[in-house]
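# Structural characterization, general
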Amino acid sequence: MTLLLQASFGDTDQLCEAVQQWNLEFRPLSLIRPQGEIGRVKQLFVEEMELSYARFSVVFDQFGAPPPDRVTFVVLEERLQRLWWRGHDVRNSEVMVFPKGSELRSLSGPDFEIFTLSLKEQQIETACERLGLSPLPPHRRRETFAMPLPALAKVRRSLRAAAGSRITSESISLPEVRDLLIRAWLGPGSKSRRRPSLRSRDRAMRQFMEALEHPDWIDLRVPELCELGAISERTLQYAFKERFGLTPAAFLKARRLMMARQRLQQVLPSEGRVGEIAADCGFGHQAQFAVDYRRSFGEAPLTTLKRLQS
């Protein structure tokens, strides 16, 4: 049986609802143009395997979980050079693996483009038996691994065929892709590629993202977070512009604005006021908050709050 979902989206709520089997939340951190396309998603279900393709054109803070009863492989397209994912700074020469029941936590730029393949545990065990491999227990499996470049190129070519306009179960060889991934992941001599030493900008990005796990991050500003992470503010500035095309301060403001929007969408007008919510999300000047909010979401914060009355 083959089932196809293929759509483009201009609204993050539509995007989250459309991706079947995934529990997702996208928080945009860059401006979304009215009526503009923010993402494209395709899904194919065949032979009990779930294949997805996703491409986004805005900066997203991503939360959620992959299909809960499956192991999910993630292959980055070539144009996506780096991805901050589950505490890993992943390069496009590596494949990522969501263990069963794990969570998604990622920060992606406007170059985000990936393929995912979700498999049941039984499918992995059967493939290991056919390939002569010993399946590792889940706690010993790696979350990232490097593939031989010819094999990775072959996987990408097959998955690109799935993302083409004429997508059918016959247009790609998913079993072959599955076996290539499992062999590189669990095969003899498979080891994580020795990671190159991080540039100062990459170290700054990693330490800054770790500092954002501080419970009071909403009340902290860039200099304080840099102090927490023991990093140079100037180096962090260059790192953010290089990776996401925005400054660390703009990133933090967008993150707080999105949190405020979610609060405004969730509380009843009788239970919360715009000023209180703005203050809780780190905005001390209500008038400036209203200006920034309208610029980001195309409406006043009070409009968002009152929509629940209708």
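Residues numbered from 1 in each chain as written. Predicted model: local features only at pLDDT ≥ 70, side-chain atom pairs only at ≥ 80, totals over all residues. Heavy atoms only, no water.

## Here we look at the pattern of salt bridges
Heads up, the condition is: Throughout this description, the term salt bridge denotes a Lys or Arg side-chain nitrogen within 4 Å of a carboxyl oxygen of Asp or Glu. The rule is simple: take the accessible area with a 1.4 Å probe, protein chains only, and divide by the maximum for that residue type; under 20% is buried, over 50% is exposed, in between is partly exposed.
Scanning the entire structure with this criterion turns up 19 salt bridges. In this structure, arginine 82 engages aspartate 89 in a salt bridge whose closest nitrogen and oxygen atoms are separated by 2.7 Å. Summarising the burial analysis for this pair, arginine 82 and aspartate 89 share the class buried. Here the salt bridges do not stand alone but share partners, grouping Arg55, Arg79 and Glu113 into one network.

## Brief notes about the nonpolar core
In globular proteins that are soluble, nonpolar side chains generally tend to be buried together. Convention followed: Think of a nonpolar core as a cluster: buried Ala, Val, Leu, Ile, Met, Phe, Trp, Tyr and Cys residues, connected wherever their side-chain atoms sit within 4.5 Å. The helix and strand labels rest on DSSP assignments: H or I over at least four residues marks a helix, E over at least two residues marks a strand, and numbering proceeds from the N terminus. By definition in these notes, contact holds between two residues if any of their heavy atoms fall within 4.5 Å.
Residues Phe73, Met147 and Ile182 are the most contacted members of the largest nonpolar core, which totals 31 residues. When contributions to this core are tallied by element, the ones reaching two or more residues are β3 (39-46), β4 (49-56), β6 (71-76), β9 (94-98), β11 (113-119), α2 (121-131), α3 (149-162) and α4 (174-186). With near-sequence residues (within four places) excluded, isoleucine 182 lies in contact with Phe73, Leu119, Ile124, Ala127, Cys128, Leu131, Leu133 and Gly187.

## Here we look at the side chain of aspartate 179
Position of aspartate 179 among the secondary structure elements: in helix α4. Among residues more than four places away in sequence, those in contact with aspartate 179 are Ala127, Arg130 and Leu131.

## Description of the side chain of arginine 141
For clarity, the threshold we go by: In protein, a polar contact requires one atom able to donate a hydrogen and another able to accept it; more generally it is a pair of N or O atoms within 3.5 Å, and residues adjacent in sequence count only if both atoms are side-chain atoms.
Its place among the elements puts arginine 141 in the loop between α2 and β12 (144-146). For arginine 141, a relative accessible area of 15% gives the class buried. In terms of polar contacts, arginine 141 uses its side chain to reach the side chain of glutamate 121, at 2.5 Å. Among the polar contacts made by the side chain of arginine 141, one reaches the main-chain carbonyl oxygen of leucine 136 at a distance of 2.9 Å. Setting aside its immediate chain neighbours within four residues, arginine 141 contacts Val71, Glu121, Leu136, Trp185 and Leu186.

## Examining the sheet that holds strand β7 (residues 82-85)
Just so we agree on the cut-off: Here a strand pair is declared whenever DSSP counts at least two bridges between the two strands. Orientation is described by axes fitted as lines to C-alpha atoms, over the contacting stretch for helices, and by angles from 0 to 180 degrees between their N-to-C directions.
Sheet architecture is open: five strands sit in the order β2-β5-β10-β7-β8, paired in antiparallel fashion. Each of the sheet's edge strands pairs with one partner strand only, and the pair in question is β2 (23-28) and β8 (88-91). Put simply, the sheet's adjacent strands are angled 25° from each other on average, direction ignored. Direction of pairing for β2 relative to strand β5 (residues 60-65): antiparallel, over a ladder of six bridges.

## Describing the packing of aromatic side chains
As a reminder of what qualifies: Aromatic rings from Phe, Tyr and Trp, with only the six-membered ring used for Trp, were paired whenever their centres fell within 6.5 Å, and each pair was classed as stacked if the ring planes differed by under 30 degrees, edge-to-face if by over 60, and tilted otherwise. Charge-over-ring contacts are defined here by two conditions on Lys NZ or Arg CZ: a distance within 6 Å of the ring centre and an angle within 35 degrees of the ring normal.
Under the defined criterion, the tally for this structure stands at 14 aromatic pairs. Centroid distance phenylalanine 56 to phenylalanine 112: 4.9 Å. Interplanar angle 5°. Geometry classified as stacked. With a gap of 56 residues between them, phenylalanine 56 in strand β4 and phenylalanine 112 in the loop between β10 (104-108) and β11 connect regions that are remote in the sequence. Aromatic side chains phenylalanine 283 and phenylalanine 289 sit 5.0 Å apart centroid to centroid with 50° between the ring planes, which places their arrangement in the tilted category. Just as phenylalanine 283 is buried, phenylalanine 289 falls in that class too. Linked through ring pairs, Phe208, Phe240, Phe244 and Phe251 together constitute an aromatic cluster. Sitting above the plane of the phenylalanine 283 ring, arginine 256 keeps its charged end 5.0 Å from the centroid.

Geometric descriptors of this kind do not, in isolation, establish any biological role.
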